[in-house]
Amino acid sequence: HAWGRMPETETKRVFIAIFPPAHIVTSLQAVAAGLGKDLPGRAIRWTRPEQIHLTLNFLGAIATPRLPEMESALQAACEGHQRHAVRTAGLGCFPNGSRPRIIWAGLAGDLRPLEKLKKAVDAGCLAGGCAGEDRPFLAHLTIGRVSELNAAGRRELAESLAREQERDFGEWEVARVDLMQSVLSPQGAVYSVLKSIPLANQ
């Protein structure tokens, strides 16, 4: 038996997410193109369309043998939760307009079913032996990350985002919860689905 470091394949970088449908992503891309048109090319790293998602919980590195337990816990957590409608509306940034790091689209409508689902998923993660992140749940879709932007660019971006506060990107149905793997590479993260859990029809 060879002692030493465990091989890299022994853990997977895992998160739990909800992915919006194509028509929402297309609308977000169109707005992103407008936001970026007057900024330098490398100012913002836009999220690839297939990777735009709502994070329910980022679990980080999970030992591969423990993934089936995690999948079962997540499946149990989603039981009884029904599909429900949400609306994507408005743009903003974290932490604030003068120091924008993350550009996001907000979620609107009745978010109580989503918040209940999030609580159940968190409890399921704990039951599966993984706490994940413990931070306030702010339902949003990250559409870009600011990489290089001077003061004038930040002002311009803040003004553009302010103009989009009332933008309505449309309604969609939260129909499934996905347990995802993220593999980091020089070209950015590559996502793959480990388990997809459909929510109940009403």
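Chains are numbered independently. Their residues run from 1 in the order of the written sequence. Per-residue local features are limited, in this predicted model, to residues with pLDDT of at least 70; the limit for side-chain atom pairs, both in listing and counting, is 80 or more; totals at the level of whole chains, interfaces and linings are taken over all residues. The basis for every side-chain value is the complete set of non-hydrogen atoms in the structure, without hydrogens or water.

1. Considerations on the packing of aromatic side chains
Stacked, edge-to-face and tilted labels apply to pairs of Phe, Tyr and Trp rings (six-membered ring for Trp) whose centres lie within 6.5 Å, assigned for plane angles under 30 degrees, over 60, and everything in between, in that order. One pass over the structure, following the stated rule, counts two aromatic pairs. Centre to centre, the rings of F15 and Y191 are 5.0 Å apart; their planes meet at 65°, and the pair counts as edge-to-face. With F15 in strand 1 (residues 11–18) and Y191 in strand 9 (residues 190–198), this pair connects stretches of sequence that are 176 residues apart. We call a residue buried when its accessible area falls under 20% of the maximum for its residue type, exposed when it is over 50%, and partly exposed in between, using a 1.4 Å probe and counting protein chains only. According to the relative accessible area criterion, Y191 is partly exposed, its value standing at 25%. Seen from their ring centres, F94 and W104 are 5.5 Å apart, and the 35° between their planes marks the pair as tilted. You can see F94 sitting in strand 4 (residues 84–96) and its partner W104 sitting in strand 5 (residues 99–108), a full 10 residues away along the chain. Secondary structure elements are taken from DSSP: a helix is a run of H or I of four residues or more, a strand is a run of E of two residues or more, and numbering for both begins at the N terminus.

2. Details of the pattern of salt bridges
Here, a salt bridge means any side-chain nitrogen of Lys or Arg that lies within 4 Å of a carboxyl oxygen of Asp or Glu. Inspection of every chain in the model, using the stated rule, returns 10 salt bridges. Residues E50 and R48 are paired through a salt bridge, measuring 3.1 Å at the closest nitrogen-oxygen approach. Note on R48: relative accessible area 33%, which makes it partly exposed. E173 is the partner of R83 in a salt bridge, and the nearest nitrogen-oxygen pair spans 3.3 Å. Of the two residues, R83 is situated in the loop between helix 2 (67–78) and strand 4 and E173 in strand 7 (residues 168–174); the sequence distance between them amounts to 90 residues. Given a relative accessible area of 23%, R83 falls into the partly exposed group. One network of salt bridges, with partners in common, ties together R87, D168 and E171.

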